[in-house]
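In case you want the letters, here they are:
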Amino acid sequence: MKKMLMTTTIKHHLTDDLLMGYAAGTLPEAFSLVVATHVSLCDECRARLAGYEAVGGAVLEEAPDCAMAEDSFAATMRLIAEMPADERIETDGAAVDHLFPKPLRDYVGGDVEAVHWKSVAGKVRQAVLPTSRDASVRLLYIPAGMAMPDHGHKGTELTMVLQGAFQDEDGLFARGDVEVADEEMEHTPVAAPGPDCICLVATDAPLKFSGFLPRIAQPFIGI
Amino acid sequence: MNERKTSDARWVRLVERVRSEKDQSAFAELFGHFAPRVKAFLMKSGADEALAEECAQEVMATVWNKAQLFDPERASVATWVFTIARNRRIDALRKQRRPEPEDLPWGPEHEPDQSETIALQQESEQLGKALAALPENQRVLIERAYFGELSHSEIAAETGLPLGTIKSRIRLALERLRHEMK
Ligand SMILES: [Zn+2]
Ligand SMILES: [Zn+2]
């Protein structure tokens, strides 16, 4: 099964501050989507995340308790009586191989065929996904061999590869890999030869382009 | 720090009774312990008392309703309740959707492995003790992160907590699960 192999080939993982922020529930929604999508494919980060959630359990356990209202238990039992029956565990996704893990499919409204691509420049396409406004997240489609304009970052940028691969100053990023770029980093990602590259990219600040004209449409030669 | 009178293993048994027998007295015991802590957690996170009371009731109703999804080989009951409370907070206070990783459930016929369950619960208790034993300023920083007062870039990656053992325990559980899924 392809799914099982995926978890062993990932080389670039999430950082501790992102996993702890996701466990604490304080990341912008756009970043949470990248974390949830990576964790869906990566048992290493799933286990690390569970560790940070266990810290949350310990914090809850040590919290000073705050008295509940007098009729609280009875009110909760009434809530339970009104609730719809248990949600069953979903099993359909497990047998089928999707390009997009489930959290991403929930935002797209389906797998890769359901994406509403818009042309950016040349053959580069993007689709912005709806999230809260404290950060943004988009799918990027970069034809194999093409370079993105080199750029720096004002905030944090998370790039997760879903199909194909890209190469930059930090190495080769393939399916499941995440690159975490911050203010110190300037890079020129280039889509690797092979299948066209599809990435999920989240940013909490606009990018800073260093060239006068974005070189987005220039095909990269001779990788 | 308040002394723990009940071990994490006991909470696991209570959740199992809620799941298999819809046992209201087991649920009442869970409620008595966790509801006031969830309410305090939500108030520390910025909810006023009325909202915290309402959300704490909803969190406990979810505990009842989703008891069959609790996996004692991968989390303590406190951790599981924390994740439900956290998600309720994101929904009610931040008004945001919460993307969750694709679930990896054991098959319906899976019986939790007793020794793995006990080991995970013990490690969770040790983590709680380690948190309580941290220097005051470090512990407060971690609590503030979980109450939602710090952004991810303000979170120091080094928490000083023994997370390695829990991580490898869960990693093992995931490997056995992947093996079962084959
Ligand atoms: Zn990972
Ligand atoms: Zn970048």
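Residues numbered from 1 in each chain as written. Chains lettered and ligands numbered in written order. Predicted model: local features only at pLDDT ≥ 70, side-chain atom pairs only at ≥ 80, totals over all residues. Heavy atoms only, no water.

The name an unreviewed UniProt entry assigns to chain B is RNA polymerase sigma-70 factor (ECF subfamily), from the organism Rhodovulum marinum. Turning to chain B, the UniProt record has this under Sequence similarities (unreviewed entry): "Belongs to the sigma-70 factor family. ECF subfamily." (UniProt positions renumbered as here; feature names shortened; annotations may be inferred.)

Taking an unreviewed UniProt entry as the reference, chain A is identified by name as ChrR-like anti-ECFsigma factor belonging to Rhodovulum marinum.

A count of helices and strands for chain B gives seven helices and zero strands. A total of 182 residues make up chain B; the buried ones form 53% of that total. If you take every contact in chain B between residues at least 6 apart in sequence, the share linking residues at least 24 apart comes to 70%. For chain B, the exposed surface amounts to about 8300 Å²; the carbon and sulfur share of it is 51%. (Helix = DSSP H or I, 4+ residues; strand = E, 2+ residues; numbered from the N terminus. Buried < 20%, exposed > 50% of the residue type's maximum accessible area, 1.4 Å probe, protein only. Contact = heavy atoms within 4.5 Å. Areas by Shrake-Rupley, 256 points an atom, 1.4 Å probe, with all protein chains shown as cover.)

Here we take up the coordination of the zinc ion (ligand 1). Looking at the zinc ion (ligand 1), one finds its protein donor set to be His13 of chain A (ND1), His38 of chain A (NE2), Cys42 of chain A (SG) and Cys45 of chain A (SG), positioned 2.1 to 2.3 Å from the metal centre. Taken together, the four donor atoms coordinating the zinc ion (ligand 1) and their angles of 97 to 127 degrees define a geometry best described as tetrahedral. (Donors = N, O, S within 2.8 Å, 3.2 Å for Na, K, Ca; no water. Tetrahedral: all angles 85-135°; square planar, octahedral: opposite > 155°, others 65-115°.)

Further remarks concern the sheet that holds strand E10 (residues 190-191) of chain A. Residues and elements named next belong to chain A. Pairing in this open sheet of three strands is antiparallel, and the strands run E7-E6-E10 from one edge to the other. Looking along the sheet, the strands with just one partner apiece sit at the ends: strand E7 (171-174) and E10. Sheet topology places strand E6 (residues 165-168) next to E7; four bridges connect them, and they run antiparallel. By the bridge assignment for E7, Asp168 is matched with Gly171. (Pairing = 2+ DSSP bridges.)

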